[in-house]
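One letter stands for each residue in the lines below.
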Amino acid sequence: MAMGHRRVPEGLLYDRNHYWVKVAGREASIGLSAHGQHTIGDILYLELVSPGAMIRKGEGFGSIESSKWVGALIAPVTGVVLDTNREVEASPGQINVDPYGQGWILRIELSDIDELKLLMKATAYRQWVEEQINREHQEEGAI
Amino acid sequence: MKMVWRFLDTGPLPAANNMALDKVILNSLRCGQASNTLRFLEFSPPCALVGYHQAVELEVEEEYCHQQGIEINRRITGGGNLYLDEGQIGWEIFAHKETRGIPRNSEDMCRLMCEGVVIGLAKLGVEARFRPKNEIEVQGRKISGAGGTEMGNAFLYQGTLLIDFDVDTMIKCLKLPINKFDDQQIQTFRRRVICLREILGNLPPIPVIKRSLADGFAESFKIHLEPGDLTQNEKLLWEKELPRFQSEEWIRGKRPKLQGSSLSVVDWKTRGGFIRVSVLLDPTRHRIKSAVITGDFLAHPESSILDLEAAIKDSSSHPSDILKTLRHFFAVNHIRISGVEPEDFHQALCLAISKAGDGQGQPLEDAGRMEAKFP
């Protein structure tokens, strides 16, 4: 996967909603993968829960807007929000520019370490994304 | 065999009722309690709507709206401010994300959703086309805009079709990238939108317009539309949700802290004529909210300046990003303007942005003009 928008760094964990999770002890940073931000497009607005809030795996923790589309941010793991990226809230396009770096979204204290086992490593995520892209290409023209 | 979608025509409703119903139907689809749905909606009384993430105070002339009995509300979908009176038709697609052929990419999805309107307009003898990022235009002028949202595995894409539109009231009730005391700018802005009456002269009856649109969507999605009604659960939930969508808490939200809005107007002289750029900037988020570009230069294709305005709407206001956008736009669309280069637009836009971002941008009604000459 040479294309920038399909970059999948090793050492991070990924879910099927295209979030990455970077674990450091009981803490984790969360952001959108390069493919995730590419699918969403040019991000204009971001609205996040506040520090101290509990986010739960599979549930919303904010909203995101691009190309006149409002989407829900869905937590890849459960935990208490320690910090949100204020720079990204003010300038959400940073997620498009640097999804794995300056474009991180929030940092949490993990509530259930076992949930990490449900996430994909880079190789598995890369393969899954390829499958999704191939499937979509096959469907093109179906409508 | 064609997939069957529900067809709803809910008639004229107040803004809050329409906004609440959007959420109810979307939720119904998410829960598997409804099939994919096409809804037509109308608004009465007239209303000014802001996009989900927008701040009312930055987008709507509230005092004017209150004086005129124009309702103000917030959509659950994205996009910008808009004005709707009784003469317009709204269209909405509610569908499961896994519906065969629905693109995952939001821009591709918008193009597909608008395709039904383009086909429907063709059935009325109107040649329309999709204009990125989210518009449908006729003769280079906007006739429909669209935006969307999602809930779980379901999504809503909605838009409006201008049938017989009162542009002057829209100009008065929305905050727009023009100086409203400048007649020339107002005239220019009027020419940026178009309605069916202006195109066709005599309007077909509304049911005929709706039928054409419905046929357009049916053709575009290769579906069969079955007229239906709200389910009992939807009616109950609608009643329950309505107070929230009527509340100030919903309408106002808490959004202004990370947004701003500043207007500036700049004249820039080039070898090919002068360019007047009017920019509505969000200096907090470093975004060009919208821009109006006029001047005495000759552009080919004729609609290219309106397309350019659409291309820079909601784009980054950083000088390098603007230049990249302009060069790409000129190259891809084969734009030719004698004596005017992409760099001229770049200079004019940067000057306007600098003026707006430095705090020189003025309250919209008082926006002044700065002139600069080509060396």
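Owing to the predicted nature of the structure, the values given are computational and were not obtained by experimental measurement.

Procedures and definitions
Residues numbered from 1 in each chain as written. Chains lettered and ligands numbered in written order. Predicted model: local features only at pLDDT ≥ 70, side-chain atom pairs only at ≥ 80, totals over all residues. Heavy atoms only, no water. Helix = DSSP H or I, 4+ residues; strand = E, 2+ residues; numbered from the N terminus. Buried < 20%, exposed > 50% of the residue type's maximum accessible area, 1.4 Å probe, protein only. Domains from an automatic or database assignment. Contact = heavy atoms within 4.5 Å. Buried area = accessible area lost by both parts, 1.4 Å probe. Salt bridge = Lys/Arg side-chain N within 4 Å of Asp/Glu carboxyl O. Core = buried A, V, L, I, M, F, W, Y, C linked by side-chain atoms within 4.5 Å. 1 Å grid on protein atoms, 1.4 Å probe; cavity = no way out; pocket = protein on both sides within 12 Å on 5 of 7 lines; lining within 4 Å. Points joined across faces, edges and corners; volume = space filled by probe spheres on them. Nonpolar A, V, L, I, M, F, W, Y, C, P; charged D, E, K, R; others polar. Axes fitted to C-alpha atoms, helices over the stretch in contact; angles between N-to-C directions. Parallel < 35°, antiparallel > 145°, perpendicular 65-115°, else oblique. Left-handed = near helix turned anticlockwise from the far one by under 90°. Pairing = 2+ DSSP bridges. Phe/Tyr/Trp six-rings, centres within 6.5 Å; stacked < 30°, edge-to-face > 60°. Lys NZ or Arg CZ within 6 Å of the ring centre and 35° of its normal.

Some details on the side chain of Asn85(A)
Positionally, Asn85(A) belongs in the loop between β8 (79–84) and α2 (86–90). Residue Asn85(A) is classed as buried on the basis of its relative accessible area of 5%.

Some points on the domain arrangement of chain B
All names here are of chain B. What the domain assignment lists for chain B is domain 1 (3–252) and domain 2 (262–371). If you average the C-alpha positions of domain 1 and of domain 2, the two centres end up 28 Å apart. Facing 24 residues of domain 1, the contacting portion of domain 2 comprises 25 residues. Overall, the association of domain 1 and domain 2 removes approximately 1800 Å² of surface from exposure, summing both partners, and the carbon and sulfur fraction of that is 48%. Sorting the residues of domain 1 by area buried against domain 2 places Lys-133, Pro-177 and Arg-192 first, and these three jointly supply 30% of that buried surface. The tally of links from domain 1 across to domain 2 stands at 4 salt bridges. A salt bridge links Arg-129 to Asp-307, with the nearest nitrogen and oxygen atoms 2.7 Å apart.

Let's talk about the nonpolar core
Soluble globular proteins tend to pack their nonpolar side chains together in the buried interior. Residue and element names in this part refer to chain B. Of all hydrophobic cores here, the largest spans 93 residues; its most connected members are Ile-93, Met-113 and Leu-121. Sort the elements by how many residues they give to this core and helix α1 (residues 15–30) lands first, with 9 residues. In this structure Ile-93 touches Trp-5, Thr-37, Leu-38, Met-113, Phe-155, Leu-156, Tyr-157, Phe-217 and Phe-221, once residues within four positions along its chain are discounted. The next biggest cluster of nonpolar side chains, apart from the first, holds 27 residues, and it includes Trp-268, Val-277, Phe-330 and Ile-353.

With respect to empty space enclosed by the protein
By rolling a water-sized probe across the atoms, one finds the places where empty space is left. By the definition in use, this model includes 2 cavities of 30 Å³ or more. Looking at the second largest cavity, its volume works out to about 40 Å³. As for the second largest cavity, its lining consists of Lys68(A), Lys133(B), Asn134(B), Glu135(B), Ala310(B) and Lys313(B). Considering only residue class, the lining of the second largest cavity consists of 1 nonpolar, 1 polar and 4 charged.

Topic: the packing of helix α4 (residues 106–123) of chain B against helix α8 (residues 206–221) of chain B
All names here are of chain B. Running from amino to carboxyl end, α4 crosses α8 at an angle of 130°, the nearest separation of the two axes being 7 Å. Judged on the interaxial angle alone, α8 and α4 are oblique. In this structure, the crossing between α4 and α8 has a hand that is right-handed. Residue-level inspection shows Leu-112, Met-113, Glu-115, Gly-116, Val-117, Ile-119, Gly-120 and Lys-123 of α4 in contact with α8, the latter providing Ser-212, Leu-213, Asp-215, Gly-216, Phe-217, Glu-219, Ser-220 and Phe-221. Partitioned by chemical class, the residues of the contact of α4 with α8 number 7 nonpolar, 5 polar and 4 charged.

Some words on the layout of surface pockets
Estimated volume of the second largest pocket: approximately 1300 Å³. Lining the second largest pocket are 36 residues, and of these Asp42(A), Lys133(B), Ala311(B), Ser315(B) and Thr325(B) sit closest to its centre. The set of elements that each furnish at least two residues to the lining of the second largest pocket consists of α1 (34–40) and α3 (94–97) of chain A together with α4, β7 (129–131), α11 (304–312), β16 (315–316) and α12 (319–332) of chain B. Two domains share the lining of the second largest pocket, each providing at least three of its residues, namely domain 1 (3–252) and domain 2 (262–371) of chain B.

What to know about the sheet that holds strand β9 (residues 106–110) of chain A
Residues and elements named next belong to chain A. Strands sit in the order β1-β2-β3-β9-β8-β5 across an open sheet of 6 strands; the sheet is antiparallel. The sheet is open, and its two edges are formed by β1 (13–14) and β5 (54–55), each paired on a single side. With 2 bridges joining them, β5 and β8 adopt antiparallel strand pairing. Bridge pairing in β8 places Met-54 opposite Val-80.

Examining the packing of aromatic side chains
All chains considered together, the criterion is met by 15 aromatic pairs over all chains. Geometrically, the ring pair formed by Tyr83(B) and Phe165(B) is tilted, given 6.0 Å between the ring centres and 45° between the ring planes. Of the two residues, Tyr83(B) sits in strand β5 (residues 82–84) while Phe165(B) sits in the loop between β10 (154–161) and α5 (167–173), which places them 82 residues apart along the sequence. When sorted by exposure, Tyr83(B) lands in the same class as Phe165(B), which is buried. Feature note: the residues Phe297(B), Phe329(B), Phe330(B) and Phe345(B) constitute an aromatic cluster, connected by ring pairs. One cation-aromatic arrangement involves Arg244(B) over Phe245(B); the distance from NZ or CZ to the ring centre is 5.5 Å. A cation over a ring is seen here: Arg285(B) above Tyr45(A), with NZ or CZ 3.9 Å from the ring centre.

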